[in-house]
Amino acid sequence: MTLKIGVIGTGAIGRDHIRRVTKSLAGAEIIAVTDVNQQAAEAVIEEFNLNATLYKDDVDLIQDSRIEAVFITSWGQAHESSVLKAIEAKKFVFCEKPLATTAEGCMRIVEAEMAYGTPLVQVGFMRRYDNGYKMLKEAIDQNTIGEPLMMHCAHRNAHVAERYSTDMAIHDTLIHEIDVLRWLINDDYVSAQVFYPRKTKHALPHLKDPQMVMLETESGVMINVEIFVNCTYGYDIQCEVVGEEGLLRLPDEAHIQVRKGGQIGKEIGMDWQERFAHAYDVEVQDFIDNVRDKGTVSGPTAWDGYIAAVTADACVKAQTSGVKEIIELAQCPDFYKKVKPAARVVY
Ligand SMILES: NC(=O)C1=CN([C@@H]2O[C@H](COP(=O)(O)OP(=O)(O)OC[C@H]3O[C@@H](n4cnc5c(N)ncnc54)[C@H](O)[C@@H]3O)[C@@H](O)[C@H]2O)C=CC1
Ligand SMILES: O=C1[C@@H](O)[C@H](O)[C@@H](O)[C@H](O)[C@H]1O
């Protein structure tokens, strides 16, 4: 039996997930697509030779009784409404980050899912499926370096589009660190502060770039994350965990080392598609397998989406206030404590 999937939003990542489901992964097929840009959806149907119905909007697509799971890969501000409709129709949901653009929106999704009674929603925080981050987590959980004390991280994009704004450094970019770092150390954030170093000449006038975010966790771990989205040289993700007895560092992507002409060199990828290609494959296959074989989801939850949104809101506030902003989270409901520990933060 193949899992029948409908996709809402066939832009960059929607197209990429359709490609992986169709060409690389097993156990699922795309049977319906929609996009506000209907030509984009038509082009994807043609490109991958899909036997899929093209719907005019998410309402019609979600109502298709053949569809068992919905991929929500539209723009962030459209996610909440599609997720709520899918839950109402009792469909499984794979929703790209952000789950919703506000903490209140994420909470509405949390409440709808709890009212339904069993987990339906997985959020696309794919870094939890990256081999390097998984190795880091295993080492931390095995107490390899004692208790973590500090983390030094960097999230660098070569370039960003003109529409990318200063707050997107948080909602669109830092949100990956917000999720994966708390997952790594089983901790939540209590405060955030943002600093602006000297601005790069490669950023447009409206954009503050780079930025430095300081996060502090409940147990006192201090984390600094550099966000630099016009670094020009490549897509570069760094993470170092300093513990009481040692240090752990996220491995770079595997590339061969070339020694030639008196130099030692190694390629750096240019974008997220390439850097996290394997993680996306594992993430989406895991979603397919869990839904198809076990009738459940086990990845990052709607609650993780809520925590990311609350934390991001505090960071955005700190971008303009310049001071340390306090992060206050609601109590985690028992419903989310039951999700398989492999993918959730253990409370
Ligand atoms: N996990 C990850 O690493 C990544 C996640 N993303 C997330 O995925 C989402 C999509 O990003 P991209 O693919 O880069 O954007 P995009 O702009 O390339 O594609 C979005 C598509 O959704 C369509 N769309 C917008 N509103 C819609 C609606 N209400 N109904 C149907 N279609 C709608 C647009 O016409 C567009 O074709 C964003 O939330 C983004 O943050 C994007 C890149 C990487
Ligand atoms: O999710 C992503 C993009 O939406 C975002 O714009 C980039 O900054 C991130 O590196 C990428 O992983």
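Residues numbered from 1 in each chain as written. Chains lettered and ligands numbered in written order. Predicted model: local features only at pLDDT ≥ 70, side-chain atom pairs only at ≥ 80, totals over all residues.

The name that an unreviewed UniProt entry assigns to the protein is Inositol 2-dehydrogenase/D-chiro-inositol 3-dehydrogenase, with the source organism given as Shouchella miscanthi. Entered under Pathway (unreviewed entry) in the UniProt record, the comment concerning the protein runs "Polyol metabolism; myo-inositol degradation into acetyl-CoA; acetyl-CoA from myo-inositol: step 1/7." Taken directly from UniProt, the Function (unreviewed entry) text for the protein runs: "Involved in the oxidation of myo-inositol (MI) and D-chiro-inositol (DCI) to 2-keto-myo-inositol (2KMI or 2-inosose) and 1-keto-D-chiro-inositol (1KDCI), respectively." (UniProt positions renumbered as here; feature names shortened; annotations may be inferred.)

**Q** Where do I start with the packing of helix α5 (residues 103-116) against helix α10 (residues 302-321) in this structure?
**A** Helix packing for two helices is described by the angle between their axes and how far apart those axes are. The geometry of α5 relative to α10 is characterised by a closest axis approach of 8 Å and an angle of 165 degrees between their N-to-C directions. Taken together, the axes of α5 and α10 lie roughly antiparallel to each other. Considering the relative orientation of α5 and α10, their crossing is left-handed. Between α5, through A103, C106, M107, I109, V110 and E113, and α10, the contact on the second element is made entirely by A302, W303, G305, Y306, A309, V310 and D313. Across the contact of α5 with α10, the residue classes tally to 10 nonpolar, one polar and two charged. (Axes fitted to C-alpha atoms, helices over the stretch in contact; angles between N-to-C directions. Helix = DSSP H or I, 4+ residues; strand = E, 2+ residues; numbered from the N terminus. Parallel < 35°, antiparallel > 145°, perpendicular 65-115°, else oblique. Left-handed = near helix turned anticlockwise from the far one by under 90°. Contact = placed C-beta atoms within 7 Å. Nonpolar A, V, L, I, M, F, W, Y, C, P; charged D, E, K, R; others polar.)

**Q** How should the domain arrangement of the protein be read in this particular structure?
**A** The accessible area lost on association of the parts is a frequent measure of interface size. As assigned here, the protein comprises domain 1 (3-127 + 278-301 + 331-337) and domain 2 (128-270 + 308-326). Contact residues are listed per partner, giving 17 residues for domain 1 and 14 residues for domain 2. For the side of domain 1 that touches domain 2, the elements supplying multiple residues, two or more each, are α5 and α9 (277-294). Among the elements that take part in the side of domain 1 that touches domain 2, α9 stands out by supplying five residues, more than any other. The residue makeup of the side of domain 1 that touches domain 2, split by class, is 10 nonpolar, three polar and four charged. (Domains from an automatic or database assignment.)

**Q** What's the story with the UniProt feature "domain: Gfo/Idh/MocA-like oxidoreductase C-terminal" (unreviewed entry) in the protein in this structure? I'm lost.
**A** Look at the UniProt record and you will see "domain: Gfo/Idh/MocA-like oxidoreductase C-terminal" (unreviewed entry) annotated at residues 137-322. The distance separating the terminal C-alpha atoms of residues 137-322 is 32 Å; by composition the span is 35% helix and 26% strand.

**Q** Mind showing me how you'd approach the site of ligand 1 here?
**A** As a structural note, the neighbourhood of ligand 1 is formed by 24 residues, with G9, G11, S74, A78 and E96 the closest of them. For the shell around ligand 1, the elements supplying multiple residues, two or more each, are α1 (12-24) and α4 (76-88). The dominant element in the shell around ligand 1, judged by the number of residues it contributes, is α1, at three residues. Here the residues of the shell around ligand 1 sort into nine nonpolar, 10 polar and five charged. (Near = placed C-beta within 6 Å.)

**Q** Even after reading the chapter, I still don't get the site of ligand 2, so can you show me in this structure?
**A** With respect to spatial proximity, the complete set of residues near ligand 2 consists of N157, D172, T173, H176, V229 and W272. Looking at which element gives the most residues to the shell around ligand 2, the answer is helix α7 (residues 168-185), with three residues. Here the shell around ligand 2 is composed, by residue class, of two nonpolar, three polar and one charged.

**Q** Help me out: how do you make sense of the pairing of strand β5 (residues 92-95) in this one?
**A** If a strand is regular, its side chains alternate between the two faces of the sheet. Across the two faces of β5 the burial is the same, with F92 and F94 and V93 and C95 all buried. In this structure, strand β4 (residues 69-72) lies alongside β5, joined through four bridges in parallel fashion. Bridge pairing in β5 places V70 opposite V93. On the question of chirality, the crossover connecting β4 to the parallel β5 by way of α4 is right-handed. The sheet contact formed by β5 and strand β6 (residues 121-123) spans three bridges and is parallel. (Buried ≥ 20, exposed ≤ 12 C-beta atoms within 10 Å, placed from the backbone. Pairing = 2+ DSSP bridges. Right-handed = clockwise from strand over helix to strand, strands pointing away.)

**Q** It is not clear to me how the sheet that holds strand β1 (residues 3-8) should be interpreted in this structure. Could you clarify?
**A** The strands that make up a sheet are held in pairs by hydrogen bonds between backbone atoms, and each pair lies either parallel or antiparallel. With respect to topology, six strands assemble into an open sheet ordered β3-β2-β1-β4-β5-β6, the strand pairing being parallel. Two strands bound the open sheet, and with one partner strand each, they are β3 (53-55) and β6. In this sheet, adjacent strand axes meet at a mean angle of 25 degrees when their direction is disregarded. Lying over the sheet, α1 contacts β1, β2 (28-34) and β4, oriented at roughly 150 degrees with respect to β2.

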